[in-house]
Amino acid sequence: MKYVPAIGLEVHVQLLTKSKLFCACRTDFGAEPNTQVCPVCLGYPGALPVINREAVRLTALAGLMLDSKIASFSKFDRKNYFYPDMPKNYQISQYDRPLCLGGGLAFETGGRTRTVRLNRIHLEEDVAKSMHAGARSSVDFNRSGIPLMELVTEPDFASAQEAYDFLLALRQILVYGGVSRCNLEQGNLRCDVNCSVRPETRSGLGVKTELKNLNTFKGVFNAIEHEAARQIGILEGGGVIRQETRRWDTDAGVTELMRSKEDVHDYRYFPDPDLMPITLSSGQVERWRSELPELPRQRRERLAAEFGIPAYDAGVLAADKAVADFFEDAARLSDNPKAVSNWVMSDMLRLLSETGRSIEDIPVRPAALAALVKLVDGQAVNMPGAREVFEELFEKGGDPAEIVRARGLAQVSDEGALEAMAEQAIAENAKSAADYKAGKTAALQFLIGQVMRKSKGKANPAGVREILKRRLSG
Ligand code: ZN
Ligand code: MN
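Residues numbered from 1 in each chain as written. Chains lettered and ligands numbered in written order. Predicted model: local features only at pLDDT ≥ 70, side-chain atom pairs only at ≥ 80, totals over all residues. Heavy atoms only, no water.

Colleague: Just checking my understanding: could you explain the coordination of the manganese ion (ligand 2) for this structure?
Modeller: Between any two of four tetrahedral donors, the ideal angle at the metal is 109.5 degrees; between two of six octahedral donors, it is 90 or 180 degrees. For the manganese ion (ligand 2), the full set of protein donor atoms is His-12 (NE2), Glu-124 (OE) and Glu-150 (OE), at a range of 2.1 to 2.2 Å. Here the donor residues of the manganese ion (ligand 2) share one chain and are spaced in sequence as H-x111-E-x25-E. Placement of His-12 in strand β1 (residues 3-14) and of Glu-150 in strand β11 (residues 147-153) is noted, with a sequence separation of 138 residues between them. Both residues of the pair, His-12 and Glu-150, belong to the buried class. (Donors = N, O, S within 2.8 Å, 3.2 Å for Na, K, Ca; no water. Helix = DSSP H or I, 4+ residues; strand = E, 2+ residues; numbered from the N terminus. Buried < 20%, exposed > 50% of the residue type's maximum accessible area, 1.4 Å probe, protein only.)

Here you go:
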């Protein structure tokens, strides 16, 4: 029998706010443990929470970008359970009246567009972080009270790849919208996965397991692959799947039992009496809608149309908002957008990935790239020279024309000088010259290389080619 997986995701996303969800403590990453805390986020009895408006706005913004309905009335509830990382013994979350309802996201996967439905997006606070070293455990409350939005999809994914591609698209949109940095290393985005399988011939959903706290996309992919195979193995052996919560062990590459799954009534949800419900007027929601930023798909289409670059280029550039911004600024200052796109897609993205730096902290400015393109187009420097200039710009910034001068990279286009070097190259490589005359066109490339070497790489290659061809055709 053939089985098909049905997978749903619960994605916890850290919202890009300066302060926590219910207090004024900062949210900076990497601060000394327990330095960004107060009675509210430490859970002292009697301390009163106050909602962070920006967290509500960002969650609504995410909902609008994902076609959700923004609820005019939503409220906070207490989710009760005991764990050392949560001294209040309840997490403030939203239960039956979340901020955003429904919606969906269309994304590319396996060469086609898929749409996955969202069930809801709600707001909740993060809990503290426990750390274990030998026999000693400690708790850092800096993360306690950090605003999270939890986005819950319907069980629409049929494979690990679909879930993976969805997460890529989701991250792109949330970064574009300024909702979150979605920095996985800093725990900005964590996933729980609901996974079940059912015989292909039967409708409805099988018994599901929940995989907890996956903090990389690759981890989500591997955990789903493994868990779906595990369940199919059990069913094929005549066994039954138990509803339970499992942990993904990255090193061993397996999921293991954490606890048999609690039911929702175990949490004894009830409305938080310390917090007012959130009421939003339609006017407020419409104002937010009017402030929606351009999304990746729209950006892709606009870059192609506005700058006349190929759809492929537009897709690569638009994939990262900061890269697209850089390209756009440089292309506006240049009359050769395609050349700008080539530089950004090849040299710049390569150097960024080699150095592990981000576009915000490199000194090369869009205006400098536009100026470099102008120098190349005006034949003031050839491509190998321009690459050298770009590498210096990437390292130290500066003015391309100045770098060309300082490094003596000015292209030699002077006829007399090129003629003299060509003549010399032919004289020194009589065999290659004869080969070319005998029809071996590849020999020309070798001779061009010889002239380039004599000019220390500064000759105009197109000019050299012309001169050599003329001299050898006689
Ligand atoms: Zn606090
Ligand atoms: Mn949650």
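Colleague: Looking at this structure, how should I read helix α10 (residues 366-377)?
Modeller: It helps to recall that an α-helix has 3.6 residues per turn; residues three or four apart then point in one direction. Here α10 spans 17 Å end to end across 12 residues, near enough to the 16 Å set by a 1.5 Å rise per residue. Looking only at α10, the buried set comprises Pro-366, Ala-368, Leu-369, Ala-370, Leu-372, Val-373, Leu-375 and Val-376. The elements touched by buried residues of α10 are α8 (321-332), α9 (337-355), α11 (383-396) and α12 (400-406). (Expected span 1.5 Å × (residues − 1). Contact = heavy atoms within 4.5 Å.)

Colleague: Help me out: how do you make sense of the coordination of the zinc ion (ligand 1) in this one?
Modeller: Coordination of the zinc ion (ligand 1) by the protein is provided by Cys-23 (SG), Cys-25 (SG), Cys-38 (SG) and Cys-41 (SG), with metal-donor distances spanning 2.3 to 2.4 Å. The coordination sphere of the zinc ion (ligand 1) comprises 4 donor atoms, whose angles at the metal cover 100 to 116 degrees; the geometry is tetrahedral. For the zinc ion (ligand 1), the single-chain donor residues occur in sequence as C-x1-C-x12-C-x2-C. Residue Cys-23 is located in the loop between β1 and α1 (39-42), and its partner Cys-38 is located in the loop between β1 and α1; the two are separated by 15 residues in the primary sequence. Of the residues examined, Cys-23 reaches a relative accessible area of 14% and is grouped as buried. (Tetrahedral: all angles 85-135°; square planar, octahedral: opposite > 155°, others 65-115°.)

Colleague: Is there a simple way to explain the sheet that holds strand β5 (residues 90-93) in this structure?
Modeller: Strand-to-strand pairing in sheets goes through backbone hydrogen bonds, with the strands running parallel or antiparallel. Taken together, 3 strands build an open sheet; the order of strands is β5-β4-β16 and the sheet is antiparallel. Every other strand in the sheet has two partners, leaving β5 and β16 (270-271) as the edge strands with one partner each. In this structure, strand β4 (residues 77-80) lies alongside β16, joined through 2 bridges in antiparallel fashion. By the bridge assignment for β16, Arg-78 is matched with Phe-270. (Pairing = 2+ DSSP bridges.)

Colleague: Could you clarify how one ought to interpret helix α13 (residues 415-428) in this entry?
Modeller: Taking 1.5 Å of rise per residue, the 14 residues of α13 would be expected to cover 20 Å, and the 20 Å separating its terminal C-alpha atoms lies within 8% of that figure. All of the buried residues in α13 are Leu-418, Glu-419, Met-421, Ala-422, Ala-425 and Ile-426. Summarising the contacts, the buried residues of α13 are in contact with α14 (430-437), α15 (442-454) and α16 (461-473).

Colleague: I keep staring at the domain arrangement of the protein and nothing clicks. Help me out?
Modeller: For an interface, size is often stated in terms of accessible area lost upon the parts coming together. According to the domain assignment, the protein contains domain 1 (3-287), domain 2 (296-407) and domain 3 (415-472). A straight line from the C-alpha centre of domain 1 to that of domain 3 covers 65 Å. (Domains from an automatic or database assignment.)

Colleague: Would you take a moment to explain the packing of aromatic side chains for this structure?
Modeller: Geometry of an aromatic ring pair is reported as the spacing of the ring centres plus the angle between the planes. With the rule as written, the count across this model stands at 11 aromatic pairs. A ring pair is formed by Tyr-81 and Tyr-267, whose centres lie 6.0 Å apart and whose planes are at 65 degrees; its orientation type is edge-to-face. Within this pair, whereas Tyr-81 is found in the loop between β4 and β5, its partner Tyr-267 is found in the loop between β15 (254-260) and β16, the two being separated by 186 residues in sequence. Among the aromatic side chains, those forming a connected cluster through ring pairs are Tyr-81, Tyr-95, Tyr-267 and Tyr-269. One cation-aromatic arrangement involves Arg-387 over Trp-343; the distance from NZ or CZ to the ring centre is 5.9 Å. (Phe/Tyr/Trp six-rings, centres within 6.5 Å; stacked < 30°, edge-to-face > 60°. Lys NZ or Arg CZ within 6 Å of the ring centre and 35° of its normal.)

Colleague: Just checking my understanding: could you explain the pattern of salt bridges for this structure?
Modeller: Between side chains of opposite charge, a pair can form as their charged atoms come close. According to the stated counting rule, one finds 45 salt bridges in the structure shown. Lys-88 is the salt-bridge partner of Glu-125, the closest N and O atoms lying 2.7 Å from each other. In this pair, Glu-125 sits in strand β8 (residues 112-125) while Lys-88 sits in the loop between β4 and β5, placing the two residues 37 residues apart along the sequence. Classification of Glu-125 as buried rests on a relative accessible area of 6%. The class of Lys-88 is partly exposed, set by a relative accessible area of 22%. Of the charged contacts in the structure, one is a salt bridge between Arg-112 and Glu-162, with a shortest N-O distance of 3.5 Å. Of the two residues, Arg-112 is situated in strand β8 and Glu-162 in helix α3 (residues 160-176); the sequence distance between them amounts to 50 residues. (Salt bridge = Lys/Arg side-chain N within 4 Å of Asp/Glu carboxyl O.)

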